[in-house]
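Examining the three-dimensional arrangement
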Amino acid sequence: MGLPEVAEFARNFAVMVRVQGPDPKGLKMRNHAFHQYNSGKTMLSASGMVFPASSNLELSESILVVTAASVVEPFVSQSYQESSSEKKPRLIPGVQIDILMEAKSMVDGNVESLPWRPAQLLKMLDIPHASAAVQSLIEASCGSPEHSWEVGWSLASHSRPQHIDSSHKQVEQSPFQNHLPIGSIGSSSPNLLGQSATRIALLEVPSKFSAANSLKVQRSIPKRGDLLLAMGSPFGILSPLHFFNNISVGSIGNSYPPSSSTSSLLMADIRCLPGMEGSPVFSEQAQLIGLLTRPLRQKISGTEVQMVIPWEAIASACSELLLQKPHSASDRVNAVETLIPKDYELPNHSHELSPFGSRILSPVEKAMSSICLITTDDGSWASGVLLNKQGLVLTNAHLLEPWRFGKAASTSDRKERRSEVSIIPNVHTRLETINIEKSSQNLLATNLKAADISLKNDDGLSRFSLAKINHRNIRVRLDFMDPWIWTDATIVYVSKGPLDVALLQLEIAPDQLCPISLDVDCPSSGSEAFVIGHGLFGPRCDFLPSACLGVIAKVIEAARSPETRSSKLNSCERFPAMLETTAAVHPGSSGGAVVNSNGCMIGLVTSNAKHGGGTVIPHLNFSIPCAALKPILKLAEDMQNFAVLEELDKPNEHLSSIWALMPPVYPKPEPIQDILKFPAEDKGKGIKGSRFAKFIADRNELMKTTAQHRVPPTDLIPSKL
């Protein structure tokens, strides 16, 4: 089934929810990114979904709609907000709720002419397990206030907008503030934030509606990397004609808890805008996945992570209420239990199952089993890629030597170094060299200690020494193991050349290691690409690697240095030097893998860009193609000849300029020593045209002679980015 067909199917369920009510002080729009205010009334909107039918439902005079509770919470009575015993929510007098459903003719831009249907609020429900998942993520970051998480859109504001006495439409822009549930403004309790993020509202539409509600949906068990489609109404009330039921396509980035057969919370790598909370989310086979909610947002950077509440968790939370209702719309959803699979069990947030269970893995999931989490003794973390069964791990050099890139490492185990989220200049710095003894045995056995690792070439001469950097405590988490295991790792190679690469060796290499499949061919621009790594969520959040979907935006090539060319006569020999992708890369993804749709690694995630003010640009990122890492891949095959790594340590001015985001530096032409003069005997004689031709010929000959004596520059101009 193609995306157009999935979108057409989704239109049967997607609706827009509009809530308007008295607001003389102009306070109801707080915590919302947009609103309308007219004559003392505030209007808000969100997306929603028609409650799908079960197999034995019959048509009735009303339907149910589920949406995000945040759109109605500002209009709930104070008594309900303060009372825990009052079960049925009561709205303040004068509040009106309307639902906009798909109609065959929506050509008039007048809001009042659209087919709005009145609705009433039945219940607001918490989704306990989804709430607990959000709470767990927020609590895991409590030790790092500047990198902690909140709930809500970055565009939303708590401040009262100015000039509220006139009719206007407004989109708020403000500093990042807390989004809190009813009665908790000013609180930042992880428990309350979790409830606020996942609370839903059930609405009843007392009107005949038979088309959409007679449709049935199949549930989907999503996997990381799976395609998804959301249909919602961003900024809906500002112009329903333009914004009603827009589609957004992305992929499943991650799930929580990571080691459970069912999920209580999904992370979506998808474009979402304010007003899309409450949108239904479908798989590429038109199977229902869940409901979008407001995003998690990092306090300082403003990075938003879109969250999806799985449909099984919603149906489970609704089933008890619906079965108790004897009248109206609830009568016909007594069979809502059929929406929940018989084998569905709410997750218990423990590591009872393997990360992937017994189901068949997709190619992208297989690649994820080769990604590991790396931590250092200074609190930094990054990603790594398993290259072979012996436990050789590929990662970025800036994790181990941040000073080479002019960056300082983080001191918090949940705080990413800035060097991983910025354009990294390649400064050529040599490592210390110490004499080492010759050895002919395999240098990288399964169990190694840092003091036992030495690197030699075939003639036994010292080439590298890592003794002075191997004092660092580097640990690697193997996520594919059940349960997860941590093992120490030793630095065996850090590139001295332009490429930001390093190699680690696991001190314990289990037999179950899953090395990644590699593809050294140059990928095509526009081909599908997944970025896999431990972005944003550090060791304490207990996440498996995330997958972000995009395409190869551009492949930048570089000329090989004279020492590495296959033929001295081929001065234009080129190779892929950098990949740009449209996938999102976040702090912590450095050292992760760029894989194609077949699950083969095509690049090593290295960096992304940020604005001068420090705001990260996730979708502008740079990776090292596997074609540029052939010496490392060759070493991974035999684990013997380290001399092949010498090629990566050789200077390459063109490659350095590419990774500094600078145009290639060409030599400046030498000044012309002698001014061309016409012969004295020709002065005043001959034809002007012939004298000009002689001048041009002499000049070209002089320029040709000068070019032969040009010397390439030895210094690169540092990047100004």
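Everything here concerns the structure above.
In this report, the structure presented in the accompanying data block is examined. Since the structure is predicted, the reported quantities are computational estimates derived from the model, not experimental observations. (Residues numbered from 1 in each chain as written. Predicted model: local features only at pLDDT ≥ 70, side-chain atom pairs only at ≥ 80, totals over all residues. Heavy atoms only, no water.)

1. What to know about unusual backbone geometry
A cis amide bond links Tyr256 to the next residue, Pro257, at an omega of 0 degrees. Mapped onto the secondary structure, Pro257 falls in the loop between β11 (246-256) and β12 (265-269). In this structure, Asn245 takes a positive phi of about 55 degrees despite not being glycine. Along the chain, the position of Asn245 falls in the loop between α5 (240-243) and β11. (Helix = DSSP H or I, 4+ residues; strand = E, 2+ residues; numbered from the N terminus.)

2. Remarks on the environment of Arg477
Structurally, Arg477 is set in strand β19 (residues 474-478). Using a relative accessible area of 1% as the deciding quantity, one classes Arg477 as buried. Sequence separation between Arg477 and Pro539 is 62 residues; the distance between their C-alpha atoms is 8.8 Å. Beyond its immediate sequence surroundings of up to four residues, Arg477 is in contact with Cys372, Leu373, Trp484, Ile485, Trp486, His534, Pro539, Asp542 and Phe543. In terms of polar contacts, Arg477 uses its side chain to reach the backbone carbonyl oxygen of Phe543, at 2.7 Å. (Buried < 20%, exposed > 50% of the residue type's maximum accessible area, 1.4 Å probe, protein only. Contact = heavy atoms within 4.5 Å. Polar contact = N/O pair within 3.5 Å; in protein donor to acceptor, adjacent residues only side chain to side chain.)

3. Let's talk about the packing of aromatic side chains
Per the counting criterion, the structure on display carries nine aromatic pairs. Centroid distance Phe9 to Phe282: 6.0 Å. Interplanar angle 85 degrees. Geometry classified as edge-to-face. Of the two residues, Phe9 is situated in helix α1 (residues 3-10) and Phe282 in strand β13 (residues 280-283); the sequence distance between them amounts to 273 residues. A connected cluster of aromatic rings, assembled from ring pairs, spans Trp149, Tyr256, Phe537 and Phe543. The ring of Trp116 carries the charged tip of Arg18 above its face, separated from the ring centre by 3.9 Å. (Phe/Tyr/Trp six-rings, centres within 6.5 Å; stacked < 30°, edge-to-face > 60°. Lys NZ or Arg CZ within 6 Å of the ring centre and 35° of its normal.)

4. Considerations on the sheet that holds strand β17 (residues 381-386)
Paired through backbone hydrogen bonds, the strands of a sheet run either parallel or antiparallel to each other. With respect to topology, six strands assemble into a closed barrel ordered β16-β17-β18-β21-β20-β19, the strand pairing being antiparallel. Each adjacent strand pair in this sheet contributes to an overall mean axis angle of 40 degrees, direction not counted. In the sheet, strand β16 (residues 371-375) pairs with β17 via five bridges, with the strands oriented antiparallel. Note on β17: the bridge partner recorded for Cys372 is Gly384. (Pairing = 2+ DSSP bridges. Axes fitted to C-alpha atoms, helices over the stretch in contact; angles between N-to-C directions.)

5. Things to note about the sheet that holds strand β27 (residues 616-625)
The strand order around the closed barrel built from six strands is β22-β23-β24-β27-β26-β25, with neighbouring strands paired in antiparallel fashion. For this sheet, the mean inter-axis angle between neighbouring strands, taken without regard to orientation, is 40 degrees. Pairing analysis gives three bridges linking strand β24 (residues 574-581) to β27, with the strands arranged antiparallel. Bridge pairing in β27 links Leu579 to Ser623.

6. Here we look at a nonpolar patch on the surface
On the surface, Leu3, Ile247 and Val249 cluster together to form a nonpolar patch covering roughly 200 Å² of accessible area. Note that Val249 resides in strand β11. Note on Val249: relative accessible area 36%, which makes it partly exposed. (Patch = residues over 30% accessible without salt bridge, like charges linked within 9 Å, V, L, I, M, F, W, Y side chains within 5 Å. Areas by Shrake-Rupley, 256 points an atom, 1.4 Å probe, with all protein chains shown as cover. Salt bridge = Lys/Arg side-chain N within 4 Å of Asp/Glu carboxyl O.)

7. Some points on the pattern of salt bridges
In total, this model carries 10 salt bridges according to the counting rule given. In this structure, Arg18 engages Asp98 in a salt bridge whose closest nitrogen and oxygen atoms are separated by 3.0 Å. Here Asp98 lies in strand β5 (residues 96-100) and Arg18 lies in strand β1 (residues 14-22), a separation of 80 residues in the sequence. Of the two residues examined, Arg18 and Asp98, each falls in the buried class.

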